Amino acid sequence: MAQASSYHDVYKAWKTDPDGFWLEQAKAIDWFEAPTRAFDAGMGVYGRWFPDGVGNTCHNAVDRHIAAGRGDQDAIIYDSPVTGAKARYSYSGLLKEVEALSAVLRDKGVEKGDRVLIYMPMIPEAVFAMLAVARLGAIHSVVFGGFAAHELTTRIDDCAPKLIISASCGVEPSRVVPYKPLLDHAIDLAKSKPSACIVVQRENLVCDLVDGRDIDYEKAVAAHKAAGTKIACTPVKATDPLYILYTSGTTGSPKGVVRDTGGHMVALNWTMGAIYGVEPGEVYWAASDVGWVVGHSYIVYGPLLRGCTTILFEGKPVGTPDAGTFWRVIEEYGVVALFTAPTAFRAIKKDDPDGRLIGKYDIKSLRTLFLAGERADPDTIIWAQEHLDVPVIDHWWQTETGWTIAGNPVGLGMLPVKIGSPTVAMPGYDIRVLDDSGHEAPDGTLGNIVVKLPLAPGNLPTLWNADDRFRSAYLRDFPGYYKTADAGIRDADGYIFVMSRTDDIINVAGHRLSTGGMEEVIAGHRDVAECAVIGISDPMKGQMPLGLIVLKSGVTRPHAEIEKEVVQLVRDEIGPVAAFKTALVVTRLPKTRSGKILRGTMQKIADGEAWKMPATIDDPAIIEEITDAFAARDIIKEGN
Ligand code: COA
Ligand code: AMP
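Residues numbered from 1 in each chain as written. Chains lettered and ligands numbered in written order. Predicted model: local features only at pLDDT ≥ 70, side-chain atom pairs only at ≥ 80, totals over all residues. Heavy atoms only, no water.

## Considering the site of ligand 1
Link 1 in the chain: In the vicinity of ligand 1 lie 23 residues, with Glu172, Pro317, Lys541, Arg571 and Lys581 positioned nearest.
Link 2 in the chain: Here an oxygen atom of ligand 1 and a side-chain polar atom of Glu172 are 2.5 Å apart.
Link 3 in the chain: A distance of 2.9 Å is found between an oxygen atom of ligand 1 and a side-chain nitrogen or oxygen belonging to Lys541.
Link 4 in the chain: When isolated, ligand 1 has an accessible area of 940 Å², and the protein chains bury 83% of it.
Link 5 in the chain: Considering only residue class, the shell around ligand 1 consists of 11 nonpolar, six polar and six charged.
Link 6 in the chain: Looking at which domains feed residues into the shell around ligand 1, each of domain 1 (7–315 + 395–488) and domain 2 (511–632) supplies at least three. (Near = heavy atom within 4 Å. Polar contact = N/O pair within 3.5 Å; in protein donor to acceptor, adjacent residues only side chain to side chain. Areas by Shrake-Rupley, 256 points an atom, 1.4 Å probe, with all protein chains shown as cover. Nonpolar A, V, L, I, M, F, W, Y, C, P; charged D, E, K, R; others polar. Domains from an automatic or database assignment.)

## Quick look at the domain arrangement of the protein chain
Link 1 in the chain: Entries for the protein chain in the domain assignment read domain 1 (7–315 + 395–488) and domain 2 (511–632).
Link 2 in the chain: Contacts between the two partners involve 18 residues from domain 1, matched on the other side by 14 residues from domain 2.
Link 3 in the chain: Between domain 1 and domain 2 lies a buried interface of about 1,200 Å² when both sides are counted; carbon and sulfur atoms form 48% of it.
Link 4 in the chain: Joining domain 1 to domain 2, the criterion identifies one salt bridge.
Link 5 in the chain: Taking the shortest distance from any N to any O, the salt bridge between Glu400 and Arg512 comes out at 2.9 Å.
Link 6 in the chain: On the surface where domain 1 and domain 2 come into contact, there are five residue pairs in polar contact (both at pLDDT 80 or more).
Link 7 in the chain: When the residues that make up the side of domain 1 that touches domain 2 are grouped by side-chain class, the tally is five nonpolar, 10 polar and three charged. (Contact = heavy atoms within 4.5 Å. Buried area = accessible area lost by both parts, 1.4 Å probe. Salt bridge = Lys/Arg side-chain N within 4 Å of Asp/Glu carboxyl O.)

## As for the packing of helix α4 (residues 91–107) against helix α8 (residues 217–227)
Link 1 in the chain: Here α4 crosses α8 at 105°, and the two axes come no closer than 8 Å. Here α4 is positioned roughly perpendicular relative to α8, judged by the angle of their axes. Contact residues: Glu97, Ala100, Leu101, Ala103, Val104, Arg106 and Asp107 in α4; Tyr217, Ala220, Val221, His224 and Lys225 in α8.
Link 2 in the chain: Counted by class, the contact of α4 with α8 contains seven nonpolar, one polar and four charged residues. (Axes fitted to C-alpha atoms, helices over the stretch in contact; angles between N-to-C directions. Helix = DSSP H or I, 4+ residues; strand = E, 2+ residues; numbered from the N terminus. Parallel < 35°, antiparallel > 145°, perpendicular 65-115°, else oblique.)

## Structural notes on the site of ligand 2
Link 1 in the chain: The environment of ligand 2 is made up of 15 residues, and the closest members are His395, Thr399, Asp486, Arg501 and Arg512.
Link 2 in the chain: The backbone of Glu374 places a nitrogen or oxygen atom 3.4 Å from a nitrogen atom of ligand 2.
Link 3 in the chain: Side-chain polar atom of Thr399 to an oxygen atom of ligand 2: 2.5 Å apart, as the coordinates give it.
Link 4 in the chain: Considered on its own, ligand 2 offers 490 Å² of accessible surface; in the complex 93% of this is hidden by protein.
Link 5 in the chain: Split by residue class, the shell around ligand 2 holds four nonpolar, five polar and six charged.

## Observations regarding the sheet that holds strand β26 (residues 496–501)
Link 1 in the chain: Pairing is antiparallel across the open sheet formed by four strands, whose spatial order is β23-β24-β25-β26. Lying at the two open borders of the sheet, with one neighbouring strand each, are β23 (431–434) and β26. Strand after strand, the sheet turns through a mean of 50° between neighbouring axes, direction not considered.
Link 2 in the chain: Two strands pair when backbone bridges link them, and strand β24 (residues 447–452) and strand β25 (residues 481–490) are joined in this way by six bridges, in the antiparallel orientation. Across the sheet, the residue bridging to Ile449 is Asp486, located in β25. (Pairing = 2+ DSSP bridges.)

## Some words on the environment of Leu209
Link 1 in the chain: Mapped onto the elements of the fold, Leu209 is located in the loop between β11 (196–200) and β12 (214–216).
Link 2 in the chain: Each C-alpha atom, one on Leu209 and one on Ser168, is 9.4 Å from the other, the two residues being 41 residues apart in sequence.
Link 3 in the chain: Sequence-distant contacts of Leu209, defined by excluding residues within four places in its chain, comprise Lys180, Val199, Gln201, Asp214, Ile215 and Asp216.

## Observations concerning the nonpolar core
Link 1 in the chain: Core analysis: the largest hydrophobic core is formed by 123 residues, its most contacted members being Leu101 and Trp403.
Link 2 in the chain: One finds Ile139, Cys159, Val199 and Val570 within the second-largest nonpolar core, a separate group that totals 48 residues. (Core = buried A, V, L, I, M, F, W, Y, C linked by side-chain atoms within 4.5 Å. Buried < 20%, exposed > 50% of the residue type's maximum accessible area, 1.4 Å probe, protein only.)

## Remarks on the sheet that holds strand β4 (residues 74–80)
Link 1 in the chain: Taking strand neighbours across the sheet as the criterion, the seven strands line up as β5-β4-β17-β16-β18-β19-β20 in an open arrangement whose pairing is mixed. In the strand order of this sheet, the two ends are held by β5 (85–90) and β20 (392–394), each with one partner. Strand after strand, the sheet turns through a mean of 20° between neighbouring axes, direction not considered.
Link 2 in the chain: Note: β4 against β5, six bridges, orientation antiparallel. Each residue of the ladder has a partner; that of Tyr78, found in β5, is Ala87.
Link 3 in the chain: In the packing of helix α11 (residues 325–333) onto the sheet, contacts are made with β4, β5, β16 (283–286), β17 (309–313) and β18 (335–340), and the angle to β18 comes to roughly 150°.

Written out as structure tokens, the structure is:
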């Protein structure tokens, strides 16, 4: 029997009086000036939350808990099976680290509103950096370590950071990844040059520092630590940005999702109780990376705003050293809630199908497993439920929203699970499913999932320096609504089923990637006349990119050689995280009579799904050629 849930009452309370609902939640936050108004519809692109509030996120994530007596409690537990390192930072210890780094940043001239780019692996200094920037009222932009120099350059040029904080290397299970050459190359390519780079020297690979520009992190903070330098939290408006996080758009130029200060604090703090059911002092673990939105919201800000202990895990679900590593961490630190992507569980299930390693550890502290980042396939959910013996909660959200759009609110009392659905709309979100002409689709019918404006607190108010791109990407197609670019269904009970993207975004191992971005890179190869990248299904990573390339006439080099170069090009330009492993030379690409490449049809053929010859196809013979080319390379899956 499901426990009685207050969800319906809470959702109704929000819908009846959204402003009252969020002003009430805002009381859980410390403000320099508490907001008296929840929402100003006249500000910004579609309105702004808490227009007259003034606060500081670092204060709420750190100082507030020390004042409340949590100074000695662990704030961060760092566990790195790839290096063997482990460390604990109490809230008081965290404050010392953050103040020392804030002091270094201040000495370097970082002020309120300045951007600081953070390009770091999963080490505690990455969290210190985010909080130190927030403390000064500056704006951080974290770039995931699996991106290569070109992606870094795009972000540097878009947000023009005054300073960059980085590290000498990342550590992947199979190799040490030198960050410094990537960073130096990115800065060389960038039009906007930072005035300084603060670099953490890791034992695994010490790097050269550029004279006059680079600063050794440890040496720089040492003096301030010794002196006990105090840095007060800078008051910022609730509507001021806390961070910019770039995410894949439909072109190679990523979108700078802006997160504001006030709405983010209020919403995230509320989610920790209502959605995750976690109390202050408990240990919460999001096994993701600080470079992704899950890392921002649930490795760093959510748990710290709530006064929890957060785990910073520098490892993988398998291979570091084995598929039991998650259970070891849960046992060692008493984790109550684990949040990860379904792909992590698919990897574990593959290595340990019977869950034998689970039995080696005492994981009774674990109450709930949360999954997000990609569609959770029923097999994975059922496997996890059976082997962990805890509720498995799928929830759906995006970099843009920063927290759950649809979920099953454990803290309010769980609703019955329907496998395949992330459950229902959370307070803050009025979800509708519309047909392509903007009319509401009947229950049970596939359509465009949209959210009625305004968006919830903590969702993006706009894109960095790009209000028009924000309007055209999200608000133009369905006036009055935010387009999620996910297609799905709502059933008669209000349960949402998220099926697929409506744009060219693919989801590889829970990482969001743009096929358009990959096409732009491949088109730059000297022998390529045109190309298409499609996402084909993969049992482990959900989807994998497949590149189809048509060569310029007169190119006689062996196809295998060119395909290898194209794979390397994507790795060099976008990064290993693109997981672009297969390029295939084809004679022609199938197109409509108006010249649109039929990517959807090719994807269905590769995935072994039923497909129909599009009525608008220019030359049906090309489909046959493509099918033969796929078959020759063993790309076609068994019929689904
Ligand atoms: N720095 C440098 N390189 C990185 C990196 C980083 N931070 N993260 C990943 N890479 C590299 C990997 O080493 C791999 O390189 P390779 O092609 O040389 O093998 C490549 O990028 C692809 O990485 P990934 O897709 O993550 O594959 P993987 O085989 O290393 O790991 C999983 C597969 C399933 C174990 C892993 O994707 C995982 O743990 N996913 C969890 C999901 C997650 O964190 N999602 C984020 C949102 S919740
Ligand atoms: P990101 O911005 O990287 O978090 O990716 C967001 C996208 O991932 C969404 O638009 C969905 O396409 C997909 N996604 C995230 N969570 C889920 C989920 N629980 N179910 C289905 N798709 C999801």
